[in-house]
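Residues per chain are reported as follows:
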Amino acid sequence: MPPPRTRGTALRHRLAELRGPDVPAKALDARALAALAANPGCARRAILDGAGVNKAALASALGSPSAFGQSQFALTRGNAFEAKVKADGGAELLRLVHEKLDRSAEPPVDARVPDLTATGPRGRTARTELELREATAHPGAWTLLDHPMLALDVAGSPAFLEPDAVVVHPDGTWTVVEIKSFPLLDGSADPAKVGAAARQAAVYVLALEELAARLGAEPEGAATQLGAEPEGGVPVVGTGGPVPRVRHRVLLVCPRDFSNLPAASAVDIRKQRAVTARQLARLTRIEDIADALPDGTCFSPELPTEALTAAVESVPATYAPECLSACELAFHCRTRSRQEGAVTSLGRPVRAELGGLTTVEDVLAAARGEAGDPDDPVVAALRRAAALRAEALEAACR
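Please read all numbers here as calculations on a predicted model, not as lab measurements.

Novice: What am I meant to see in the side chain of Glu131 here?
Specialist: Take Glu131: it is sitting in helix α7 (residues 120-137). Residue Glu131 is classed as buried on the basis of its relative accessible area of 11%. The contact partners of Glu131, leaving out residues within four places of it in the chain, are Arg112, Pro114, Asp115, Leu116 and Leu145.

Here you go:
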């Protein structure tokens, strides 16, 4: 007789069914998680990301292919720059961390660079936790974790994240390092790109804070085998000691000017961390969204277009123009939003100003005096605006 299915196992099985038979899961990275946190009311994105659906392939199958994503050239250039920064055991990277974030510490010499190789994301997560525990329990030396694996609970389901690097300082504190291929020109970079990097780093900081809390709370020896898994689905390795501190200033490493030489800047991500934490807490639990779907729902790109469209439309979406720069399904959702006349297609600020009026038709009817409560401040403002427009047009025609 097979062992009884646990709650976590049942959810993973359900998400695999939604993804489609023999369809591999697409890992939820920090960039996608930051975008999800920026739109916590979108149940469609939450369930698709939670199930590991490849949204780019899904958008193409729906007939609305997305131009979202990095070019192959940018990926190759970024990988080459990251390899240069981490060469020689990460000597240059650690020098930049010391220079920008921790000048009071001893210069990084003979730093530890542990091997984080393990089987599967859960094994890699457990290996990362073991090495962080080891580095924190023996302060006084620098430790560089190259591409560690972190786990973060997202709407009741664990997401596995892979930052470029995490550095453990001699005092036992932890720093997230983000390596990007966009340049620092005269010491500054494109604010939009820096903001995106900061939001991505904030996700890693939240994952490290969850890990730090577990390391401090669990008694030593609570789970010592790689991949040991409690009910929540995240490996636990406890120390029973003080909770390690995760620094809220991360290191952003970019090429200097138009060269391939690394330059760095310390970025305070406390604001992004607070916003991301609040938004993630607002996400509806993935299992609640899955339970509300019709039986047989599947998002496999191999399905006929009509069946796939029906499956996608069975999950409510919250489209806004900001989605165009963050979600592969944005073109599809924009088309549907315009067809329905939803005011969200005009932007979140407009939607917030219109109160209970959710469609363009409702707004126009209220402005013309055909619908709406005259005592409603929103309706009154719309009618006043319509009257002013009519007066302006009449004056222009004289």
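Novice: Can you help me understand the sheet that holds strand β4 (residues 165-168) in this one?
Specialist: Pairing between the strands of a sheet comes from backbone hydrogen bonds, and it takes one of two forms, parallel or antiparallel. In space, the five strands of this open sheet follow the order β1-β4-β5-β6-β7, with mixed pairing throughout. Each end of this open sheet is capped by a strand with a single partner; those strands are β1 (143-146) and β7 (262-268). Direction aside, the axes of adjacent strands within the sheet are offset by 25 degrees on average. The pairing of strand β5 (residues 174-179) with strand β6 (residues 249-255) spans three bridges and is parallel. Bridging across to β6, Val177 finds its partner in Leu251.

Novice: Got a minute to help me understand a nonpolar patch on the surface in this structure?
Specialist: Together, Leu346, Val350, Val360 and Leu364 line one region of the surface with nonpolar side chains, adding up to about 310 Å² of accessible area. Locating Leu346 in the fold gives a position in the loop between α12 (330-340) and α13 (348-353).

Novice: Sorry if this is basic, but what is going on with helix α14 (residues 360-368) here?
Specialist: Residues lying three or four places apart along an α-helix face the same way, a consequence of the helix completing one turn every 3.6 residues. Turning to α14, its buried residues are Val363, Ala365, Ala366 and Ala367. Where α14 is buried, its residues meet α15 (377-397). At the C-terminal side of α14, Gly369 shows a positive phi close to 85 degrees.

Novice: Looking at this model, I keep getting lost on the confidence of the model for the protein chain. Mind explaining?
Specialist: As a note on interpretation, predicted positions should not be read in detail where pLDDT is low. Looking at the protein chain, the pLDDT average stands at 84 and 90% of residues meet or exceed 70. Here residues 1-5 scores under 50 on pLDDT; set against residues more than four positions off or in separate chains, the count is two contacts. Overall, residues 220-239 carries pLDDT values under 50, and its contacts beyond four positions in sequence, including any with other chains, amount to 50 contacts.

Cut-offs applied
Residues numbered from 1 in each chain as written. Predicted model: local features only at pLDDT ≥ 70, side-chain atom pairs only at ≥ 80, totals over all residues. Heavy atoms only, no water. Helix = DSSP H or I, 4+ residues; strand = E, 2+ residues; numbered from the N terminus. Buried < 20%, exposed > 50% of the residue type's maximum accessible area, 1.4 Å probe, protein only. Contact = heavy atoms within 4.5 Å. Pairing = 2+ DSSP bridges. Axes fitted to C-alpha atoms, helices over the stretch in contact; angles between N-to-C directions. Patch = residues over 30% accessible without salt bridge, like charges linked within 9 Å, V, L, I, M, F, W, Y side chains within 5 Å. Areas by Shrake-Rupley, 256 points an atom, 1.4 Å probe, with all protein chains shown as cover. Salt bridge = Lys/Arg side-chain N within 4 Å of Asp/Glu carboxyl O. pLDDT = per-residue confidence, 0-100.

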